[in-house]
Amino acid sequence: MKTRLASVPLLLALAASAFASKEKPVIGLSLDTLKEERWQRDRDTFTAEAQKLGATVIVQSANSDDTRQVRDVESLISRGVDVLVIVPHNGGAMTRAVKSANEAKIPVIAYDRLIMNCSIDYYLTFDNVKVGEAQGGYAAARLPKDRKARIVRIYGAPTDNNAKMFKQGQDNILGPLIKSGKIDVIHEDWALDWKPENGKKIMNAAITRAGRNIDAVVVSNDGTAGGAIQALLEEGLAGQVLVTGQDADLAACQRILRGTQSMTVYKPLKNLATLAARVAVDVAQGRKPAAAAVLDNGVKKVPSIFEKVISVDKENLTATVIADGFHKAEDLR
Ligand code: GAL
(Lines give C-alpha, C1' and ligand atoms only; values in the text may rest on other atoms or scores of the structure.)
Protein backbone atom coordinates (compact mmCIF):
# COMPACT_ATOMS: atom_id res chain seq x y z
CA MET A 1 0.00 0.00 0.00
CA LYS A 2 2.74 2.42 1.10
CA THR A 3 4.94 1.72 -1.89
CA ARG A 4 1.96 2.10 -4.19
CA LEU A 5 1.18 5.55 -2.87
CA ALA A 6 4.84 6.56 -2.97
CA SER A 7 5.06 5.97 -6.70
CA VAL A 8 4.68 9.19 -8.65
CA PRO A 9 4.12 7.59 -12.08
CA LEU A 10 1.49 5.45 -10.46
CA LEU A 11 -0.26 8.46 -8.96
CA LEU A 12 -0.30 9.97 -12.42
CA ALA A 13 -1.69 6.73 -13.79
CA LEU A 14 -4.37 6.72 -11.11
CA ALA A 15 -5.26 10.32 -11.87
CA ALA A 16 -5.35 9.55 -15.58
CA SER A 17 -7.58 6.57 -15.06
CA ALA A 18 -9.89 8.50 -12.77
CA PHE A 19 -10.20 11.13 -15.47
CA ALA A 20 -10.64 8.50 -18.15
CA SER A 21 -13.29 6.60 -16.26
CA LYS A 22 -16.14 8.74 -17.55
CA GLU A 23 -15.70 8.01 -21.23
CA LYS A 24 -13.09 5.28 -21.45
CA PRO A 25 -13.05 3.14 -18.33
CA VAL A 26 -10.35 0.57 -17.72
CA ILE A 27 -11.64 -2.85 -16.65
CA GLY A 28 -9.48 -5.43 -14.90
CA LEU A 29 -10.61 -8.96 -15.75
CA SER A 30 -9.08 -11.61 -13.49
CA LEU A 31 -9.69 -15.20 -14.60
CA ASP A 32 -8.97 -18.38 -12.68
CA THR A 33 -7.95 -20.25 -15.79
CA LEU A 34 -8.22 -20.38 -19.56
CA LYS A 35 -7.98 -24.18 -19.64
CA GLU A 36 -11.63 -24.95 -20.25
CA GLU A 37 -12.66 -23.79 -23.71
CA ARG A 38 -15.50 -21.71 -22.27
CA TRP A 39 -13.29 -19.19 -20.48
CA GLN A 40 -11.56 -18.17 -23.73
CA ARG A 41 -14.95 -17.46 -25.17
CA ASP A 42 -16.02 -15.54 -22.06
CA ARG A 43 -12.85 -13.44 -22.27
CA ASP A 44 -13.20 -12.71 -25.99
CA THR A 45 -16.90 -11.84 -25.86
CA PHE A 46 -16.47 -9.71 -22.74
CA THR A 47 -13.52 -7.81 -24.22
CA ALA A 48 -15.23 -7.21 -27.57
CA GLU A 49 -18.36 -5.79 -25.92
CA ALA A 50 -16.36 -3.66 -23.48
CA GLN A 51 -14.32 -2.21 -26.34
CA LYS A 52 -17.50 -1.46 -28.25
CA LEU A 53 -18.57 0.59 -25.23
CA GLY A 54 -15.28 2.50 -25.24
CA ALA A 55 -13.60 0.61 -22.41
CA THR A 56 -10.18 -1.04 -22.25
CA VAL A 57 -9.82 -4.49 -20.68
CA ILE A 58 -6.69 -5.77 -18.95
CA VAL A 59 -6.91 -9.57 -18.69
CA GLN A 60 -5.03 -11.76 -16.20
CA SER A 61 -5.31 -15.54 -15.88
CA ALA A 62 -4.03 -17.30 -12.76
CA ASN A 63 -3.68 -20.92 -13.91
CA SER A 64 -5.71 -22.25 -10.93
CA ASP A 65 -3.30 -20.72 -8.42
CA ASP A 66 -4.77 -18.70 -5.54
CA THR A 67 -1.57 -16.86 -4.66
CA ARG A 68 -1.14 -15.88 -8.28
CA GLN A 69 -4.75 -14.73 -8.62
CA VAL A 70 -4.57 -12.58 -5.48
CA ARG A 71 -1.37 -11.07 -6.91
CA ASP A 72 -3.10 -10.52 -10.28
CA VAL A 73 -5.91 -8.59 -8.61
CA GLU A 74 -3.48 -6.56 -6.46
CA SER A 75 -1.59 -5.60 -9.60
CA LEU A 76 -4.79 -4.56 -11.38
CA ILE A 77 -5.64 -2.43 -8.34
CA SER A 78 -2.26 -0.76 -8.43
CA ARG A 79 -2.65 -0.10 -12.15
CA GLY A 80 -5.68 1.97 -11.23
CA VAL A 81 -8.46 0.05 -13.00
CA ASP A 82 -11.94 1.56 -12.66
CA VAL A 83 -13.70 -1.74 -12.00
CA LEU A 84 -12.69 -5.36 -11.37
CA VAL A 85 -14.42 -8.39 -12.86
CA ILE A 86 -13.27 -11.59 -11.17
CA VAL A 87 -13.78 -15.30 -11.86
CA PRO A 88 -12.28 -16.69 -8.64
CA HIS A 89 -10.38 -19.96 -8.60
CA ASN A 90 -11.31 -20.18 -4.95
CA GLY A 91 -14.31 -18.19 -3.73
CA GLY A 92 -12.88 -18.15 -0.19
CA ALA A 93 -9.28 -17.25 -0.96
CA MET A 94 -10.30 -14.31 -3.15
CA THR A 95 -11.95 -12.50 -0.20
CA ARG A 96 -8.56 -11.00 0.67
CA ALA A 97 -8.10 -9.43 -2.76
CA VAL A 98 -11.63 -8.00 -2.73
CA LYS A 99 -10.86 -6.32 0.60
CA SER A 100 -7.90 -4.57 -1.05
CA ALA A 101 -10.21 -3.45 -3.88
CA ASN A 102 -12.69 -2.14 -1.31
CA GLU A 103 -9.92 -0.11 0.35
CA ALA A 104 -8.97 1.34 -3.04
CA LYS A 105 -12.69 2.05 -3.68
CA ILE A 106 -12.71 -0.04 -6.85
CA PRO A 107 -16.04 -1.79 -7.46
CA VAL A 108 -15.96 -5.57 -7.89
CA ILE A 109 -18.16 -7.83 -10.01
CA ALA A 110 -18.01 -11.59 -9.43
CA TYR A 111 -18.36 -13.32 -12.78
CA ASP A 112 -19.84 -16.83 -13.00
CA ARG A 113 -18.48 -17.87 -9.56
CA LEU A 114 -19.35 -16.20 -6.27
CA ILE A 115 -16.71 -14.65 -3.97
CA MET A 116 -17.53 -15.33 -0.34
CA ASN A 117 -17.62 -13.20 2.82
CA CYS A 118 -16.78 -9.81 1.38
CA SER A 119 -18.37 -6.77 -0.16
CA ILE A 120 -18.82 -7.26 -3.89
CA ASP A 121 -21.09 -5.04 -5.95
CA TYR A 122 -22.64 -7.58 -8.34
CA TYR A 123 -22.72 -11.28 -9.08
CA LEU A 124 -23.49 -12.31 -12.66
CA THR A 125 -23.87 -15.98 -13.40
CA PHE A 126 -26.03 -18.73 -14.82
CA ASP A 127 -28.65 -20.43 -12.71
CA ASN A 128 -26.25 -22.96 -11.25
CA VAL A 129 -28.86 -24.88 -9.27
CA LYS A 130 -30.82 -25.31 -12.51
CA VAL A 131 -27.66 -26.71 -14.14
CA GLY A 132 -27.53 -29.42 -11.47
CA GLU A 133 -31.26 -30.08 -11.78
CA ALA A 134 -30.88 -30.50 -15.54
CA GLN A 135 -28.08 -33.05 -15.02
CA GLY A 136 -29.87 -34.94 -12.25
CA GLY A 137 -33.22 -34.78 -14.05
CA TYR A 138 -31.77 -36.11 -17.31
CA ALA A 139 -30.25 -39.10 -15.53
CA ALA A 140 -33.29 -39.77 -13.28
CA ALA A 141 -35.66 -39.91 -16.26
CA ARG A 142 -33.55 -42.55 -18.01
CA LEU A 143 -32.47 -44.86 -15.19
CA PRO A 144 -33.86 -48.40 -15.04
CA LYS A 145 -37.13 -48.52 -13.08
CA ASP A 146 -37.40 -52.29 -12.61
CA ARG A 147 -34.41 -52.51 -10.27
CA LYS A 148 -32.17 -50.38 -8.11
CA ALA A 149 -30.13 -48.09 -10.39
CA ARG A 150 -26.36 -47.85 -9.82
CA ILE A 151 -24.80 -44.45 -10.32
CA VAL A 152 -21.45 -42.71 -9.87
CA ARG A 153 -21.36 -39.02 -8.96
CA ILE A 154 -18.40 -36.81 -9.94
CA TYR A 155 -18.62 -33.32 -8.50
CA GLY A 156 -16.52 -30.30 -9.46
CA ALA A 157 -13.76 -28.44 -7.64
CA PRO A 158 -14.52 -28.14 -3.92
CA THR A 159 -12.98 -24.63 -3.97
CA ASP A 160 -15.61 -23.42 -6.47
CA ASN A 161 -18.94 -22.37 -4.95
CA ASN A 162 -20.61 -23.28 -8.25
CA ALA A 163 -19.61 -26.92 -7.78
CA LYS A 164 -21.65 -26.96 -4.56
CA MET A 165 -24.62 -25.39 -6.34
CA PHE A 166 -24.47 -27.95 -9.16
CA LYS A 167 -24.49 -30.70 -6.52
CA GLN A 168 -27.38 -29.01 -4.72
CA GLY A 169 -29.39 -28.99 -7.97
CA GLN A 170 -28.56 -32.66 -8.61
CA ASP A 171 -29.54 -33.47 -5.00
CA ASN A 172 -32.90 -31.75 -5.48
CA ILE A 173 -33.76 -34.44 -8.04
CA LEU A 174 -31.65 -37.43 -7.04
CA GLY A 175 -31.86 -37.00 -3.24
CA PRO A 176 -35.41 -38.38 -2.80
CA LEU A 177 -34.65 -41.31 -5.16
CA ILE A 178 -31.49 -42.13 -3.24
CA LYS A 179 -33.36 -41.91 0.07
CA SER A 180 -36.18 -44.15 -1.09
CA GLY A 181 -33.68 -46.77 -2.27
CA LYS A 182 -34.37 -46.46 -6.00
CA ILE A 183 -30.83 -45.27 -6.68
CA ASP A 184 -27.60 -46.58 -5.22
CA VAL A 185 -24.63 -44.19 -5.34
CA ILE A 186 -21.83 -46.69 -5.74
CA HIS A 187 -19.07 -44.07 -5.72
CA GLU A 188 -18.78 -40.29 -5.43
CA ASP A 189 -15.97 -37.75 -5.20
CA TRP A 190 -14.91 -34.17 -5.97
CA ALA A 191 -12.61 -33.48 -8.93
CA LEU A 192 -9.92 -31.09 -7.65
CA ASP A 193 -9.49 -28.01 -9.86
CA TRP A 194 -12.04 -29.46 -12.33
CA LYS A 195 -9.18 -31.41 -13.92
CA PRO A 196 -10.18 -34.02 -16.52
CA GLU A 197 -7.49 -36.37 -15.19
CA ASN A 198 -9.17 -36.21 -11.78
CA GLY A 199 -12.49 -37.12 -13.41
CA LYS A 200 -10.73 -40.13 -14.92
CA LYS A 201 -9.17 -41.14 -11.59
CA ILE A 202 -12.55 -41.00 -9.84
CA MET A 203 -14.14 -43.12 -12.59
CA ASN A 204 -11.28 -45.66 -12.40
CA ALA A 205 -11.72 -45.82 -8.62
CA ALA A 206 -15.48 -46.36 -9.05
CA ILE A 207 -14.95 -49.29 -11.41
CA THR A 208 -12.25 -50.83 -9.21
CA ARG A 209 -14.41 -50.48 -6.13
CA ALA A 210 -17.88 -51.27 -7.39
CA GLY A 211 -17.44 -53.12 -10.68
CA ARG A 212 -18.54 -52.52 -14.25
CA ASN A 213 -22.22 -52.65 -13.57
CA ILE A 214 -22.98 -48.91 -13.77
CA ASP A 215 -26.11 -47.23 -15.17
CA ALA A 216 -25.07 -43.57 -15.08
CA VAL A 217 -22.26 -41.21 -14.20
CA VAL A 218 -23.59 -37.83 -13.12
CA VAL A 219 -20.69 -35.50 -13.89
CA SER A 220 -20.80 -31.75 -13.28
CA ASN A 221 -18.96 -30.46 -16.37
CA ASP A 222 -17.70 -31.52 -19.78
CA GLY A 223 -14.00 -31.41 -18.94
CA THR A 224 -14.31 -33.93 -16.12
CA ALA A 225 -16.90 -35.91 -18.14
CA GLY A 226 -14.20 -36.26 -20.81
CA GLY A 227 -11.90 -37.81 -18.19
CA ALA A 228 -14.62 -40.17 -16.94
CA ILE A 229 -15.45 -41.22 -20.51
CA GLN A 230 -11.77 -41.96 -21.16
CA ALA A 231 -11.87 -44.40 -18.22
CA LEU A 232 -15.09 -45.93 -19.59
CA LEU A 233 -13.50 -46.24 -23.04
CA GLU A 234 -10.54 -48.13 -21.61
CA GLU A 235 -12.98 -50.55 -19.95
CA GLY A 236 -15.03 -50.97 -23.12
CA LEU A 237 -18.01 -49.36 -21.38
CA ALA A 238 -18.29 -46.01 -23.20
CA GLY A 239 -21.65 -45.60 -24.91
CA GLN A 240 -23.31 -48.08 -22.57
CA VAL A 241 -23.38 -45.78 -19.55
CA LEU A 242 -25.32 -42.52 -19.34
CA VAL A 243 -22.91 -39.59 -18.75
CA THR A 244 -23.89 -35.98 -18.05
CA GLY A 245 -21.85 -32.80 -18.51
CA GLN A 246 -21.97 -29.03 -18.77
CA ASP A 247 -20.59 -26.23 -21.01
CA ALA A 248 -21.31 -27.60 -24.51
CA ASP A 249 -17.55 -27.83 -25.15
CA LEU A 250 -16.77 -28.77 -28.74
CA ALA A 251 -15.30 -32.16 -27.67
CA ALA A 252 -18.39 -32.86 -25.55
CA CYS A 253 -20.77 -32.07 -28.42
CA GLN A 254 -18.73 -34.43 -30.61
CA ARG A 255 -19.01 -37.13 -27.95
CA ILE A 256 -22.77 -36.57 -27.76
CA LEU A 257 -23.07 -37.15 -31.51
CA ARG A 258 -20.81 -40.22 -31.24
CA GLY A 259 -22.87 -41.53 -28.32
CA THR A 260 -20.21 -41.68 -25.60
CA GLN A 261 -21.66 -38.70 -23.68
CA SER A 262 -25.41 -38.39 -23.18
CA MET A 263 -26.02 -34.72 -22.46
CA THR A 264 -24.48 -31.39 -21.66
CA VAL A 265 -25.87 -28.16 -20.27
CA TYR A 266 -25.52 -25.33 -22.75
CA LYS A 267 -24.89 -21.95 -21.19
CA PRO A 268 -25.19 -19.15 -23.75
CA LEU A 269 -21.94 -17.44 -22.74
CA LYS A 270 -22.53 -14.59 -25.13
CA ASN A 271 -25.47 -13.40 -23.02
CA LEU A 272 -23.54 -13.48 -19.77
CA ALA A 273 -20.29 -11.99 -21.08
CA THR A 274 -22.07 -9.21 -22.97
CA LEU A 275 -24.19 -8.34 -19.96
CA ALA A 276 -21.14 -8.38 -17.67
CA ALA A 277 -19.28 -5.95 -19.92
CA ARG A 278 -22.27 -3.60 -19.89
CA VAL A 279 -22.63 -3.82 -16.11
CA ALA A 280 -18.88 -3.24 -15.68
CA VAL A 281 -18.95 -0.12 -17.83
CA ASP A 282 -22.10 1.14 -16.08
CA VAL A 283 -20.56 0.64 -12.65
CA ALA A 284 -17.29 2.28 -13.74
CA GLN A 285 -19.25 5.29 -14.93
CA GLY A 286 -21.12 5.54 -11.64
CA ARG A 287 -24.45 4.01 -12.63
CA LYS A 288 -26.23 1.26 -10.68
CA PRO A 289 -27.67 -1.29 -13.12
CA ALA A 290 -30.75 -3.15 -11.92
CA ALA A 291 -30.37 -6.74 -10.69
CA ALA A 292 -33.48 -8.88 -10.31
CA ALA A 293 -32.11 -11.18 -7.59
CA VAL A 294 -29.85 -11.23 -4.55
CA LEU A 295 -27.55 -13.96 -3.29
CA ASP A 296 -26.07 -14.10 0.20
CA ASN A 297 -22.27 -14.52 0.15
CA GLY A 298 -21.98 -14.75 3.92
CA VAL A 299 -21.81 -11.05 4.73
CA LYS A 300 -23.86 -9.36 2.03
CA LYS A 301 -26.97 -9.90 -0.04
CA VAL A 302 -25.23 -9.36 -3.37
CA PRO A 303 -27.31 -7.93 -6.26
CA SER A 304 -27.30 -10.85 -8.70
CA ILE A 305 -28.33 -11.74 -12.23
CA PHE A 306 -28.93 -15.35 -13.27
CA GLU A 307 -28.93 -16.30 -16.93
CA LYS A 308 -30.93 -19.27 -18.23
CA VAL A 309 -29.40 -22.63 -19.18
CA ILE A 310 -30.49 -25.25 -21.71
CA SER A 311 -30.27 -29.04 -21.44
CA VAL A 312 -28.81 -30.50 -24.65
CA ASP A 313 -28.58 -34.03 -26.02
CA LYS A 314 -28.42 -35.64 -29.46
CA GLU A 315 -32.07 -34.72 -30.11
CA ASN A 316 -31.79 -30.94 -29.74
CA LEU A 317 -28.10 -30.24 -30.37
CA THR A 318 -28.78 -28.74 -33.80
CA ALA A 319 -31.72 -26.66 -32.61
CA THR A 320 -29.70 -25.17 -29.74
CA VAL A 321 -25.90 -25.10 -29.86
CA ILE A 322 -25.65 -25.03 -33.66
CA ALA A 323 -28.64 -22.75 -34.30
CA ASP A 324 -27.16 -20.29 -31.81
CA GLY A 325 -23.82 -20.24 -33.68
CA PHE A 326 -22.02 -21.57 -30.58
CA HIS A 327 -20.46 -24.31 -32.73
CA LYS A 328 -20.48 -24.84 -36.48
CA ALA A 329 -22.15 -28.02 -37.75
CA GLU A 330 -19.04 -28.91 -39.77
CA ASP A 331 -16.86 -28.77 -36.65
CA LEU A 332 -18.99 -31.40 -34.99
CA ARG A 333 -18.50 -34.04 -37.62
C1 GAL B 1 -17.57 -23.63 -13.14
C2 GAL B 1 -18.28 -23.11 -14.33
C3 GAL B 1 -18.44 -24.20 -15.33
C4 GAL B 1 -17.16 -24.98 -15.59
C5 GAL B 1 -16.25 -25.12 -14.38
C6 GAL B 1 -14.80 -25.42 -14.72
O7 GAL B 1 -17.47 -22.65 -12.16
O8 GAL B 1 -19.55 -22.59 -13.99
O9 GAL B 1 -19.00 -23.68 -16.52
O10 GAL B 1 -16.49 -24.49 -16.68
O11 GAL B 1 -16.28 -24.01 -13.54
O12 GAL B 1 -14.12 -24.31 -15.21
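Looking now at the site of the ligand. Near the ligand there are 13 residues, and of these Arg-38, Asp-112, Arg-113, Asp-160 and Asp-247 occur at the shortest range. Contacts to the ligand include Glu-36, whose side-chain N or O atom sits 3.0 Å from an oxygen atom. Between the ligand and Arg-113, the relevant distance is 2.7 Å, taken from an oxygen atom to a side-chain nitrogen or oxygen of the residue. Compared with its free state, where it exposes 300 Å², the ligand has 100% of that area covered by protein. Elements that contribute at least two residues to the shell around the ligand include exactly helix H3 (37-52) and helix H7 (161-179). The residue makeup of the shell around the ligand, split by class, is three nonpolar, three polar and seven charged. When residues of the shell around the ligand are sorted by domain, at least three fall in each of domain 1 (2-127 + 269-308) and domain 2 (128-267).

Moving on, we get to the nonpolar core. Residues Ile-27, Phe-46, Val-85, Ile-109, Tyr-111, Leu-124 and Val-321 are the most contacted members of the largest nonpolar core, which totals 56 residues. Top element by residues in this core is helix H11 (residues 269-284). It accounts for ten residues. Here this core gathers at least three residues from each of two domains, domain 1 (2-127 + 269-308) and domain 2 (128-267). The contact partners of Val-85, leaving out residues within four places of it in the chain, are Ile-27, Gly-28, Leu-29, Ser-30, Phe-46, Ile-109, Tyr-111 and Ala-280. Of all hydrophobic cores here, the second largest spans 25 residues; its members include Val-98, Cys-118, Val-129 and Leu-295.

Between the first and last C-alpha of H3 there are 23 Å, a value that for 16 residues agrees with the 22 Å anticipated at 1.5 Å per step. Residues Arg-38, Trp-39, Asp-42, Thr-45, Phe-46, Thr-47, Glu-49 and Ala-50 constitute the buried set of H3. On its buried side, H3 packs onto strand E1 (26-31), strand E2 (56-61), strand E3 (83-86), strand E4 (108-111), strand E5 (122-126) and H11. The positive-phi residue at the C-terminal boundary of H3 is Gly-54, with phi of around 90°.

Turning next to the packing of aromatic side chains. For the structure shown, the criterion picks out three aromatic pairs. Here the aromatic rings of Tyr-155 and Trp-190 are separated by 4.8 Å at their centres, their planes lie at 45°, and the arrangement is tilted. Within this pair, whereas Tyr-155 is found in strand E6 (residues 149-155), its partner Trp-190 is found in strand E7 (residues 183-190), the two being separated by 35 residues in sequence. Classification of Tyr-155 by relative accessible area gives buried; the value is 2%. Ring centres of Tyr-266 and Phe-326 lie 4.9 Å apart, and the angle between their planes is 65°; this geometry places the pair in the edge-to-face category. Here Phe-326 lies in the segment after helix H12 (318-322) and Tyr-266 lies in strand E10 (residues 263-266), a separation of 60 residues in the sequence.

With that settled, consider helix H5 (residues 95-103). Those residues of H5 lying buried are Thr-95, Ala-97, Val-98, Ser-100 and Ala-101. At its buried positions, H5 is contacted by helix H4 (66-78), E3 and E4. Two residues or fewer past H5, Lys-105 is found with a positive phi of approximately 60°.

Once that is clear, we can look at the sheet that holds E7. With parallel pairing, four strands are arranged side by side in an open sheet as E7-E6-E8-E9. Looking at strand neighbours, the two that pair on one side only are E7 and strand E9 (242-243), the edges of this open sheet. In terms of strand pairing, E6 meets E7 through seven bridges, oriented parallel. Paired with Ala-149 across the two strands is Ile-183, which belongs to E7. Each of E6, E7 and strand E8 (216-219) touches helix H8 (residues 196-210); the most contacted strand, E7, lies at about 140° to it.

What follows concerns the domain arrangement of the chain. What the domain assignment reports for the chain is domain 1 (2-127 + 269-308) and domain 2 (128-267). Summarising the inter-unit geometry, the C-alpha centres of domain 1 and domain 2 are found 32 Å apart. Contacts between domain 1 and domain 2 engage 18 residues on the former and 18 residues on the latter. Broken down residue by residue, the surface that domain 1 buries against domain 2 is led by Glu-36, Glu-37 and Asp-127, which jointly contribute 34%.

At a minimum axis distance of 9 Å, the contact between H4 and H5 shows a crossing angle of 10°. By the angle between their directions, the pair H4 and H5 is classed as roughly parallel. Contacts between H4 and H5 involve Val-70, Val-73, Glu-74 and Ile-77 from the former and Arg-96, Ala-97, Ser-100 and Ala-101 from the latter. Across the contact of H4 with H5, the residue classes tally to five nonpolar, one polar and two charged.

Applying the stated rule across the entire model yields 15 salt bridges. Asp-44 is paired through a salt bridge with Arg-43; the nearest N and O atoms lie 2.9 Å apart. Of the residues examined, Asp-44 reaches a relative accessible area of 43% and is grouped as partly exposed. Taking relative accessible area as the criterion, Arg-43 reaches 23% and is therefore assigned partly exposed. Arg-147 is the salt-bridge partner of Asp-215, the closest N and O atoms lying 2.8 Å from each other. Placement of the pair is Asp-215 in the loop between H8 and E8 and Arg-147 in the loop between helix H6 (128-142) and E6, with a sequence separation of 68 residues.

Reading the values: rules and limits
- Residues numbered from 1 in each chain as written.
- Predicted model: local features only at pLDDT ≥ 70, side-chain atom pairs only at ≥ 80, totals over all residues.
- Heavy atoms only, no water.
- Near = heavy atom within 4 Å.
- Polar contact = N/O pair within 3.5 Å; in protein donor to acceptor, adjacent residues only side chain to side chain.
- Areas by Shrake-Rupley, 256 points an atom, 1.4 Å probe, with all protein chains shown as cover.
- Helix = DSSP H or I, 4+ residues; strand = E, 2+ residues; numbered from the N terminus.
- Nonpolar A, V, L, I, M, F, W, Y, C, P; charged D, E, K, R; others polar.
- Domains from an automatic or database assignment.
- Core = buried A, V, L, I, M, F, W, Y, C linked by side-chain atoms within 4.5 Å.
- Buried < 20%, exposed > 50% of the residue type's maximum accessible area, 1.4 Å probe, protein only.
- Contact = heavy atoms within 4.5 Å.
- Expected span 1.5 Å × (residues − 1).
- Phe/Tyr/Trp six-rings, centres within 6.5 Å; stacked < 30°, edge-to-face > 60°.
- Pairing = 2+ DSSP bridges.
- Axes fitted to C-alpha atoms, helices over the stretch in contact; angles between N-to-C directions.
- Buried area = accessible area lost by both parts, 1.4 Å probe.
- Parallel < 35°, antiparallel > 145°, perpendicular 65-115°, else oblique.
- Salt bridge = Lys/Arg side-chain N within 4 Å of Asp/Glu carboxyl O.

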